[in-house]
Amino acid sequence: MHSTDKSEVGTLPQRDSGLWGWLNRRTGLDDLLRSALDEPIPGGARFAYIFGSGLLFIFLSQIITGIFLALYYVPSADHAHTTVAYITKAVTAGSFLRSLHAYGASAMVVVLFLHLSQTYIYGAYKGRRELLWLSGCVLFGLVLAMAFTGYLLPWDQRAYFATAVGTNAVSELPWIGESIKRLMRGGTEMGTLTISRFFVAHVFLIPAFIFALVASHIFLFRKAGAAGPVNEDPYHPKQKSELFYPRQVLMDLSLTALLITGLGLLCFFVPMQLGPPANPADAQYVPRPEWYYLPIFQWLKYWHGSAAIVGVLVIPTLLVLAILALPFLDKSVERRPWKRPAAMGAYVFVLFSLVGLGLRSQYLDRHDSGVAQQLAKQRAEEDEYARKPFEPELSSASLVAANVALADPLAAKGKTIFEGQSCNACHGDNGLGTAAAPPLVGIKAKFSPDQVAELFKHPTAKMNAGGMPPIDLPPDDLKALIAYVESLK
Ligand code: HEC
């Protein structure tokens, strides 16, 4: 910490009496607060410096909204989607809460990028700030990892297929790619183990690292001191400094107020959608990642076959290494952007590449009529699902009822056929339904036995699309199967 001269000290009145005084004598809280707020800023408070505390605010908001979501969420392939549907459709302000968390992630990426840009353009990484820069880079990676792991958790179509693509992209890495993919998925396919792993990473592991790194980032920042404006010496600031409190605090709070208002309005008027539950059998689904992953998504499209190693491993690794090594490579004390054409050129190049790749991806989607149609269809399905009221999961009571019905020996035989033909793979045990196919319980009210037989002979387009295999059974078995299906209550 910097030594402060007399004129800078004492913006807060010291309170020695009462509860606060007692607390301070026991804990030193007042002194702690004082030293936190009396950080000198060379050259004075500026709006350019507000992004760091903006990030801290969003992080706090993500923790709080995340805790509320976790009160309802169940991390399993059977229940994840239902519990998120319950949050959005049944819980008071649940949709607003979930939107805050989901849009908060986007806001985090935006403010993080602004914070990084400000640090880079102001040359604020210079002057013994290598560790500060490195901890910031790791935090950037961790935030992207949070966004990636959180995206899967609702287990709707969008989440499922985006993560399928994401984990497949990882498997493109040479040598270790397949193993990492299996590690992430908890197997070769995506299911409850995948959700479990993503959940643990999203809720326990990554946040623990983020806490540790945020603490070290702030510690290192205070140790190095604020870098100040671009014409300030990064090692030995000479300009007259102003304390963090009150003007910089107020400026920082203005960003917080803007974020609260912006996110609040967005979440209220355009709540985050939840699509229909994941259906791994849906071969038509066109996956698209969240907007901030679009540039990477588009980038990966260009690298196939033997060139993949360049695009997937070599270039990204070099880029990441260059970013990490920046304060070690760029040792000059010059901070003014107009005197650092190479650094600014690199920044503009990276920025334009990211925006260009993102726009290119959007452009291709709009101009490929097949893709555009399918994406429109997916959006329509999401809207349709969003309008439906909440449907609770079938309880174990209906499961018992389904088994009681098997007093009928024909239906009992049908049950073994149902399982032998792997109907339960899609329609669930006891016909209770899965993400891949609807429940069959209560089908009796919909179709008579003859109609079911007819349906088996001439499956609907939806059955075909869902990958339901044609039923080719001897007449007796078919009769038993139909009796069983009809007995499902
Ligand atoms: C690969 C997954 C899959 C398998 C295996 C499968 N189904 Fe289906 N089934 C579906 C899909 C998808 C639908 C259509 C759902 C819709 O209309 O939305 C369907 C529809 C049905 C329907 C009509 C339901 C309704 O409410 O319209 C019946 C009856 C049915 N299946 C019975 C069976 C039986 C019996 C078996 C075993 C021989 C079986 N299914 C195996 C996926 C499957």
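Parameters and conventions
- Sequence order as written defines residue numbering, which begins from 1 separately in each chain.
- Thresholds applied to this predicted model are a pLDDT of at least 70 for local features of residues and 80 or more for the giving and counting of side-chain atom pairs; totals over whole chains, interfaces and linings are not thresholded and use all residues.
- Calculation of side-chain values draws on the structure's entire complement of heavy atoms; hydrogens and water are dropped beforehand.
- Nearness is judged by heavy atoms alone; a residue qualifies as near a molecule or strand once a single heavy atom is within 4 Å of it.
- By the criterion applied in these results, polar contacts are pairs of N or O atoms within 3.5 Å in which, for protein atoms, one can donate a hydrogen and the other can accept it, and in which residues neighboring in sequence qualify only through two side-chain atoms.
- We count a stretch as a helix when DSSP gives it H or I for four or more residues in a row; a strand needs E for two or more, and each element gets its number in order from the N terminus.
- Each residue is assigned to one class: nonpolar for Ala, Val, Leu, Ile, Met, Phe, Trp, Tyr, Cys and Pro, charged for Asp, Glu, Lys and Arg, and polar for all the others, Gly among them.
- To obtain the bend at a residue, axes are fitted to the seven residues ending there and to the seven starting there, and the angle between these axes is taken.
- Burial here depends on accessible area, computed with a 1.4 Å probe over protein chains only, as a share of the maximum for the residue type. Under 20% is buried, over 50% is exposed, and the range in between is partly exposed.
- Any two residues having at least one pair of non-hydrogen atoms within 4.5 Å are treated as being in contact.
- Where each domain begins and ends is defined by an automated method or by a domain database.
- The term buried area means the drop in 1.4 Å probe accessible area that two parts suffer when joined, counted for both and summed.
- Within this document, salt bridges are pairs made up of a side-chain nitrogen of Lys or Arg and a carboxyl oxygen of Asp or Glu, the two lying within 4 Å of each other.
- Counted as donors are N, O and S atoms no farther than 2.8 Å from the metal, or 3.2 Å for Na, K and Ca; water is not among the atoms, and sites may therefore look incomplete.
- Labels for metal geometry use angle windows, namely 85 to 135 degrees for all angles of a four-donor tetrahedral site, and for square planar (four donors) or octahedral (six donors) sites opposite donors over 155 degrees apart plus all others within 65 to 115; sites meeting none of these are irregular.

### Thoughts on the site of the ligand
Thinking step 1. In the vicinity of the ligand, 22 residues are found, and the nearest of them are Cys 423, Cys 426, His 427, Lys 446 and Met 468.
Thinking step 2. Within the contact set of the ligand, a nitrogen atom lies 2.7 Å away from a side-chain nitrogen or oxygen of His 427.
Thinking step 3. Lys 446 places a side-chain nitrogen or oxygen 2.5 Å from an oxygen atom of the ligand.
Thinking step 4. Those elements that provide at least two residues to the shell around the ligand are α17 (423-427), α18 (443-446), α19 (449-457) and α20 (461-465).
Thinking step 5. In terms of residue count, α17 provides more of the shell around the ligand than any other element does, three residues in total.
Thinking step 6. Among the residues making up the shell around the ligand, the classes are represented as 15 nonpolar, five polar and two charged.

### Things to note about helix α12 (residues 308-329)
Thinking step 1. Within α12, the axis deviates most sharply at Ile 323, by approximately 40°, and proline Pro 327 lies no more than four positions further along.
Thinking step 2. Inspection of α12 places Ala 308, Gly 311, Val 312, Leu 326 and Pro 327 among the buried residues, and these make up the whole buried set.
Thinking step 3. Looking at the buried residues of α12, the elements they touch are α5 (94-121), α6 (130-152), α7 (157-171) and α11 (294-301).

### Section: the domain arrangement of the protein chain
How big an interface is tends to be expressed through the accessible area that disappears when the partners come together.
Thinking step 1. By domain assignment, the protein chain separates into domain 1 (27-382) and domain 2 (396-487).
Thinking step 2. In this assembly, four residues from domain 1 lie in contact with four residues from domain 2.
Thinking step 3. Interface area for domain 1 against domain 2, summed over the two sides, is near 340 Å², with a carbon-plus-sulfur share of 52%.
Thinking step 4. The three residues of domain 1 that bury the most area against domain 2 are Ala 278, Asn 279 and Ala 281, which together make up 64% of that side's buried surface.
Thinking step 5. Between the two partners, domain 1 and domain 2, sit zero salt bridges.
Thinking step 6. Run the count over domain 1 and domain 2 and you get zero residue pairs in polar contact (both at pLDDT 80 or more).
Thinking step 7. Residue classes in the side of domain 1 that touches domain 2 are distributed as three nonpolar, one polar and no charged.

### So, the coordination of the iron atom of the ligand
Thinking step 1. Those protein atoms acting as donors to the iron atom of the ligand are His 427 (NE2) and Met 468 (SD), and they sit at 1.9 to 2.0 Å.
Thinking step 2. Between the six donor atoms coordinating the iron atom of the ligand, the angles at the centre fall across 87 to 177°, so the site counts as octahedral. Highlighted residues: His 427 in helix α17 and Met 468 in the loop between α20 and α21 (475-487), separated in sequence by 41 residues.
Thinking step 3. For His 427, a relative accessible area of 11% gives the class buried.

### Quick notes on the environment of Asp 233
Thinking step 1. The topology assignment puts Asp 233 in the loop between α9 (192-224) and β2 (241-243).
Thinking step 2. Each C-alpha atom of the pair Asp 233 and Gly 127 lies 8.2 Å from the other, and the pair is 106 residues apart in sequence.
Thinking step 3. Within the local environment of Asp 233, its side chain forms a polar contact with the backbone nitrogen of His 236, the two atoms lying 3.2 Å apart.
Thinking step 4. Polar contacts involving the side chain of Asp 233 include one to the side chain of Lys 238, which spans 3.0 Å.

### Quick notes on the pattern of salt bridges
Two side chains bearing opposite charge may form a pair once their charged atoms approach each other closely.
Thinking step 1. Inspection of the entire model under this criterion finds twelve salt bridges.
Thinking step 2. Note that Arg 158 and Glu 382 form a salt bridge whose closest N and O atoms lie 2.9 Å from each other. A residue pair is termed long-range when its members are at least 10 positions apart, and Arg 158 in helix α7 and Glu 382 in helix α14 (residues 369-387) qualify at 224 residues.
Thinking step 3. Relative accessible area serves as the criterion here: at 29%, Arg 158 is assigned to the partly exposed category.
Thinking step 4. Look at Glu 382 and you get buried, because its relative accessible area is 6%.
Thinking step 5. Notably, a salt bridge pairs Lys 413 with Asp 477, separated by 3.2 Å at the nearest N-O pair.

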